[in-house]
Amino acid sequence: MDRTGEGPDDRAAGVAEDDAQRGDEQQGDGQRADARQGDERQGEGEESPAPARGRRRIAVLVAVAALALVLDLVSKLVVVAELENHAPVEVFGSWLQLNVIRNAGAAFGVGEALTIVLTAIATTVVVVIARLARKLYSTPWAIALGLLLGGACGNLTDRIFRAPGVFQGAVVDFIAPKHFAVFNLADSAIVCGGILIVLLSFRGLDPDGTVHRD
């Protein structure tokens, strides 16, 4: 700014005014720079992935399913070898017996004319659980799905490998409570897994570990 013709006091006041103006400009530049940096950090935060929810619980799922499957297969092998074509064995008198039967239907003897359809349903259950495992971060859900998977595989094994033929095989049932259908350990695993899933759903816990409140 040209200060020609001004007195000393005027020039001093003008210099002070110029300094103040430059200070305001510098402060404005600093604020704009801070704002840009804040926007950049916010954008980076929005683009960054969500924090990890922990390790997936596939190992728990597989372990529970394997345990349920092994117990079911071993129990069937034992009862077929030792009890089939024999009189029922009383465990608690007539209230609970071991009585081997061949069941072409679903759990608890339902749908005996739909063996192939039930085999397809069991196969679908196995595939669906395998897909869910990719997003499985909840241990309770891993246990529930493991029970379903182990039970489905146990009965599916019977339908594939037992008489009368592939995908038409009859499931071995042997647990016979009084006034109730005869079932096996695979059926028990499926029912327990289903009950646990219902309870987890009521509590608002999802398979990915998130909790929601409706």
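Residues numbered from 1 in each chain as written. Predicted model: local features only at pLDDT ≥ 70, side-chain atom pairs only at ≥ 80, totals over all residues. Heavy atoms only, no water.

**Considering the nonpolar core**
Under the convention used in this document: Residues belong to one nonpolar core when they are buried, are Ala, Val, Leu, Ile, Met, Phe, Trp, Tyr or Cys, and are joined through side-chain atoms within 4.5 Å. In this scheme, a residue with accessible area under 20% of its type's maximum is buried, one over 50% is exposed, and one in between is partly exposed, where area comes from a 1.4 Å probe on protein chains only. Put simply, DSSP H or I for four residues or longer makes a helix, DSSP E for two residues or longer makes a strand, and each gets a number counted from the N terminus. By the convention used here, residues are in contact when the closest approach between their heavy atoms is within 4.5 Å.
The biggest cluster of nonpolar side chains holds 14 residues, and the ones touching the most others in it are Leu61, Ile129, Leu136, Trp141, Leu145 and Ile197. Listing elements by their share of this core, those giving two or more residues are helix 2 (58-82), helix 4 (139-161) and helix 5 (185-202). The dominant element in this core, judged by the number of residues it contributes, is helix 4, at six residues. Beyond its immediate sequence surroundings of up to four residues, Leu136 is in contact with Arg56, Arg57, Leu61, Trp141, Ala142, Leu145 and Pro207. If you look at the next biggest cluster of nonpolar residues, it comprises eight residues, including Leu83, Val100, Val172 and Ile175.

**With respect to the environment of Val191**
Of note, Val191 is situated in helix 5. Each C-alpha atom, one on Val191 and one on Ala144, is 9.8 Å from the other, the two residues being 47 residues apart in sequence.

**Overview of the environment of Gly204**
Summarising the element assignment, Gly204 is placed in the segment after helix 5. Apart from residues no more than four positions distant in its own chain, Gly204 is found in contact with Thr210, Val211 and His212.

**Describing the pattern of salt bridges**
Selection criterion: We define a salt bridge as a side-chain nitrogen of Lys or Arg found within 4 Å of a carboxyl oxygen belonging to Asp or Glu.
A full pass over the atoms with the stated rule returns four salt bridges. A salt bridge links Lys76 to Asp72; the nearest nitrogen and oxygen atoms lie 2.8 Å apart. Remark: Asp72 and Lys76 occur in helix 2; sequence separation between them is four residues, near one turn of the helix. With its nearest N and O atoms 2.8 Å apart, the salt bridge here joins Lys76 to Asp158. Remark: Asp158 occurs in helix 4 and Lys76 occurs in helix 2; sequence separation between them is 82 residues. When salt bridges that share partners are traced, they join Asp72, Lys76, Asp158 and Arg162 into one network.

**Some remarks on the confidence of the model for the protein chain**
Test applied: Confidence scores per residue from the predictor, reported as pLDDT, run from 0 to 100.
Within the protein chain, residue pLDDT values average 80, and 69% of them lie at 70 or more. Of the regions scoring below 50 in pLDDT, residues 45-52 engages in zero contacts with residues more than four places distant in sequence or in other chains.

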